[in-house]
Amino acid sequence: MSVDVSLSSAAPAQASSAASSAARAGAPAVIRSAADVAQLVNEGGARVSNARWIVAIALGGVFLDAYDLGALAFGLKDVAREFQLTPAGTGMVASAITFGAIVGAFLGGYFTDRIGRYRVFMADMLCFVIAAIACALAPNEYVLAGARFVMGLGVGIDLPVAMAFLAEFSKLKGRGNKAARVAMWCPTWYAAICGSYLLVLLCYSVLPASHSALLWRIILGFGAIPALAIIAVRSRYMSESPVWAANQGDLEGAAKILKRSYGIDAVVAKDAERVAQKRPAAWSNYGKLLKGVYLRRTTLATIIAVASSFAYNAVAFGLPVIIASFLAQSMLTTILMSLALNLLFAFTGGLLGVRLVPKVGAWKLTVVGYAFQLTALVGLALVGKPSSGGEVAWALGFLALFLLGQGFGPGAHSMTFASLSYPTSLRGVGFNQTLMRASSTVSLFLFPVLAAALATKVFWVIAIAPAIGLLALLAIRWEPSNYDVDAEDF
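What you are looking at is a predicted structure, and each value in this text was computed from that prediction instead of being measured. (Residues numbered from 1 in each chain as written. Predicted model: local features only at pLDDT ≥ 70, side-chain atom pairs only at ≥ 80, totals over all residues. Heavy atoms only, no water.)

Let's talk about the overall build of the chain
Turning to step 1, where the next piece is worked out: From N to C terminus, the chain includes 24 helices and 2 strands.
Turning to step 2, where the next piece is worked out: Residues classed as buried in the chain amount to 59% of the 490 residues present.
Turning to step 3, where the next piece is worked out: Residue pairs in contact within the chain that sit at least 24 positions apart in sequence constitute 83% of those at least 6 positions apart. (Helix = DSSP H or I, 4+ residues; strand = E, 2+ residues; numbered from the N terminus. Buried < 20%, exposed > 50% of the residue type's maximum accessible area, 1.4 Å probe, protein only. Contact = heavy atoms within 4.5 Å.)

Written as structure tokens, this is what we have:
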């Protein structure tokens, strides 16, 4: 027996509340519109749920994204030496993956909304498998750059889908809410970076010195293994987003997903909005991000993403180079120091951002994070190349401060602003990621060139990014966490 509540198109909020109340009371929830489905998800659904597993699987893709983006960091010098690359050639190889991610993010954001989250999520993993094997066997820099470009396609496609899943399979408020779940991408990212460092350390310790040149090939090729595992797990446990299905007019499909993923017994009312307007993806949606109320949100989200990406990629991707060259350390010390900095400060900062965002909000955390980064980069520029033990300690402290600020600030919440500033029908992640990847490409290409020309003065250039991000936040005070943006669809 189902609990039926009258619903008029003029009162979607009351009807949604009635549907969620029925679910909490243990009776089947009657859904008549996409608004009902969104409300059930926002309130967390049933106590026993498969949704957490879906979130974890989505984060698995983020893990692989980070691994593949960071895997070449330690081997870049060996690649340059093996293929006799100029600084520009090194920049080409380093930035090829993010150039592919630009294309992937642009296409992925569209197809995620067009054909659904699940189908795109399954298809993009093939790019990782093929590209990882090609990287490991690359005979020259052009094949390596081409394979990294294909890998970038997978990265660019996967991340917008993952963010959509995290936003659409989480409740609106409280611990573990949408903002916290989306921010989980950040510590997951740093965990992957630390994982790649540990793999480098393992390979470095077991490979004979005569075979050390194979290190970068092994690290890149290893990426195919977790990609295959993720394909297997996703095919078994993943399902489509119920909010997306409802927005396409498929209320029956949304009800089935709610049952399977949330344990919510939902039924579609006879008088449901079966002729409700569908919200299919269209290229014109990118234009809508630049109109009306979304213009300010898009401006802020874009500046945060671009500034964060530019600074982080220059420092984090170049971290082994910074430690090895600027601080004149051995390979083993470089690996251990990079691992420690990422684990103790970037990863910990990411967890802190997840913990604090439901109460503090993304805006405040991002402001403080940018302030930390600006201080750290100015400090690194002033220290220059350390010539004493005290200056080395200051330099490492500033690197730690930068990574900590990135972890709980712009690193975690660049995705919060991109994912939660728009309703399901208009997710801005693809657009945001396209511009973010463009910034990454510029950063990864320019860092080897600028570092070779400017040495430690390059930090003055990088410091411009958090300064711009900080100014944008002070000018546009938009808080996306704990705000029901999906209600704007109805």
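Looking at the nonpolar core
Turning to step 1, where the next piece is worked out: Of all hydrophobic cores here, the largest spans 116 residues; its most connected members are Leu144, Met163, Phe417 and Ile462.
Turning to step 2, where the next piece is worked out: At 12 residues, the largest contribution of residues to this core is made by helix 8 (residues 141-168).
Turning to step 3, where the next piece is worked out: By size, the runner-up hydrophobic cluster in this structure holds 20 residues, among which are Ile31, Val41, Val243 and Ala272. (Core = buried A, V, L, I, M, F, W, Y, C linked by side-chain atoms within 4.5 Å.)

Side note on the pattern of salt bridges
Turning to step 1, where the next piece is worked out: Counted by the stated rule, this structure contains 2 salt bridges.
Turning to step 2, where the next piece is worked out: Close ionic contact of arginine 81 with aspartate 78 constitutes a salt bridge, the shortest N to O distance being 2.6 Å. Residue arginine 81 and its partner aspartate 78 are located together in helix 4 (residues 76-83), separated by 3 residues, close to a single helical turn.
Turning to step 3, where the next piece is worked out: Arginine 81 sits in the exposed class, given a relative accessible area of 58%.
Turning to step 4, where the next piece is worked out: According to the relative accessible area criterion, aspartate 78 is buried, its value standing at 18%.
Turning to step 5, where the next piece is worked out: A salt bridge links arginine 217 to glutamate 82, with the nearest nitrogen and oxygen atoms 2.8 Å apart. You can see arginine 217 sitting in helix 11 (residues 215-222) and its partner glutamate 82 sitting in helix 4, a full 135 residues away along the chain.
Turning to step 6, where the next piece is worked out: Here glutamate 82 falls in the partly exposed class, since its relative accessible area comes to 37%. (Salt bridge = Lys/Arg side-chain N within 4 Å of Asp/Glu carboxyl O.)

Looking at a nonpolar patch on the surface
Turning to step 1, where the next piece is worked out: Together, Val103, Phe106, Leu107, Phe111 and Ile115 give the surface a local cluster of nonpolar side chains, amounting to about 360 Å² of exposed area.
Turning to step 2, where the next piece is worked out: Owing to a relative accessible area of 36%, phenylalanine 106 belongs among the partly exposed residues under this scheme. (Patch = residues over 30% accessible without salt bridge, like charges linked within 9 Å, V, L, I, M, F, W, Y side chains within 5 Å. Areas by Shrake-Rupley, 256 points an atom, 1.4 Å probe, with all protein chains shown as cover.)

With respect to helix 14 (residues 251-262)
Turning to step 1, where the next piece is worked out: Here helix 14 is 12 residues long and its end C-alpha atoms lie 15 Å apart, about the 16 Å a rise of 1.5 Å per residue gives.
Turning to step 2, where the next piece is worked out: Looking at helix 14, one finds that the buried residues are Leu251, Gly253, Ala254, Ala255, Ile257, Leu258, Ser261 and Tyr262.
Turning to step 3, where the next piece is worked out: Positioned one or two residues after helix 14, glycine 263 has a phi angle of 75 degrees, which is positive. (Expected span 1.5 Å × (residues − 1).)

What to know about the environment of valine 368
Turning to step 1, where the next piece is worked out: Within the element layout of this structure, valine 368 appears in helix 19 (residues 362-383).
Turning to step 2, where the next piece is worked out: Valine 368 gets classed as partly exposed once you look at its relative accessible area, which sits at 37%.
Turning to step 3, where the next piece is worked out: In the structure, valine 368 is positioned 37 residues away from glycine 405 in sequence and 7.2 Å away in space, judged by C-alpha atoms.

Description of the packing of aromatic side chains
Turning to step 1, where the next piece is worked out: On inspection of all chains with the given rule, the structure shows 8 aromatic pairs.
Turning to step 2, where the next piece is worked out: Judged by centre distance (5.5 Å) and plane angle (85 degrees), the rings of phenylalanine 372 and phenylalanine 408 are edge-to-face. Of this pair, phenylalanine 372 sits in helix 19 while phenylalanine 408 sits in helix 20 (residues 389-408); the two residues are 36 residues apart in sequence, bridging distant segments of the chain.
Turning to step 3, where the next piece is worked out: Overall, phenylalanine 372 belongs to the partly exposed group, its relative accessible area being 28%.
Turning to step 4, where the next piece is worked out: When the ring centre of tryptophan 478 is taken as origin, the NZ or CZ atom of arginine 297, which lies over that ring, is 4.2 Å away. (Phe/Tyr/Trp six-rings, centres within 6.5 Å; stacked < 30°, edge-to-face > 60°. Lys NZ or Arg CZ within 6 Å of the ring centre and 35° of its normal.)

Quick look at helix 24 (residues 464-475)
Turning to step 1, where the next piece is worked out: The end-to-end C-alpha separation of helix 24 is 17 Å, in line with the 16 Å expected for 12 residues at 1.5 Å each.
Turning to step 2, where the next piece is worked out: Of the positions making up helix 24, those classed as buried are Ala465, Pro466, Gly469, Leu470, Ala472 and Leu473. Viewed end-on, helix 24 has its buried residues packed into an arc of 160 degrees, placing them on one side of the element. Looking at helix 24, the residues exposed on the side facing more than 90 degrees away from the buried face are Leu471 and Ala475. (Arc of directions from axis to C-beta.)

Re the environment of alanine 132
Turning to step 1, where the next piece is worked out: On the secondary structure map, alanine 132 appears in helix 7 (residues 125-136).
Turning to step 2, where the next piece is worked out: Measuring from C-alpha to C-alpha, the distance between alanine 132 and glycine 223 comes to 5.7 Å, with 91 residues separating the pair along the chain.
Turning to step 3, where the next piece is worked out: Discounting residues that sit within four places of it in the chain, alanine 132 has contacts with Met151, Leu220, Gly221, Gly223 and Ala224.

Points about the packing of helix 19 against helix 21 (residues 410-420)
Turning to step 1, where the next piece is worked out: Two elements in contact, helix 19 and helix 21, have axes whose closest approach is 9 Å; the angle formed by their N-to-C orientations is 140 degrees. The orientation of helix 19 with respect to helix 21, classified from their angle, is oblique. The hand of the helix 19/helix 21 crossing is left-handed. For the pair helix 19 and helix 21, the contacting residues are Ala362, Trp363, Leu365, Thr366, Gly369, Tyr370 and Gln373 in the first and Pro410, His413, Thr416 and Phe417 in the second.
Turning to step 2, where the next piece is worked out: Residues of the contact of helix 19 with helix 21, tallied by class, amount to 6 nonpolar, 5 polar and no charged. (Axes fitted to C-alpha atoms, helices over the stretch in contact; angles between N-to-C directions. Parallel < 35°, antiparallel > 145°, perpendicular 65-115°, else oblique. Left-handed = near helix turned anticlockwise from the far one by under 90°. Nonpolar A, V, L, I, M, F, W, Y, C, P; charged D, E, K, R; others polar.)

Topic: the packing of helix 10 (residues 185-206) against helix 21
Turning to step 1, where the next piece is worked out: Where helix 10 contacts helix 21, the axes come no closer than 8 Å and their chain directions differ by 130 degrees. Considered as vectors, helix 10 and helix 21 are oriented oblique to each other. Remark: the crossing between helix 10 and helix 21 carries right-handed chirality. The residues of helix 21 that touch helix 10, namely those facing Trp185, Cys186 and Tyr190, are Gly411, Ala412, Ser414 and Met415.
Turning to step 2, where the next piece is worked out: Here the residues of the contact of helix 10 with helix 21 sort into 5 nonpolar, 2 polar and no charged.

Remarks on unusual backbone geometry
Turning to step 1, where the next piece is worked out: Of note in this structure, glutamine 84 is not a glycine but carries a positive phi near 55 degrees.
Turning to step 2, where the next piece is worked out: Considering the arrangement of structural elements, one finds glutamine 84 in the loop between helix 4 and helix 5 (87-115).
Turning to step 3, where the next piece is worked out: Here glutamine 84 falls in the exposed class, since its relative accessible area comes to 71%.

Re the confidence of the model for the chain
Turning to step 1, where the next piece is worked out: Residues at a pLDDT of 70 or more form 80% of the chain, whose mean pLDDT is 78.
Turning to step 2, where the next piece is worked out: Of all helices and strands in the chain, the one with the weakest mean pLDDT is helix 1 (residues 12-24) (50), whereas helix 24 scores best (95).
Turning to step 3, where the next piece is worked out: Note that pLDDT drops below 50 for residues 1-15; the model gives that stretch 22 contacts with residues more than four away or on any other chain. (pLDDT = per-residue confidence, 0-100.)

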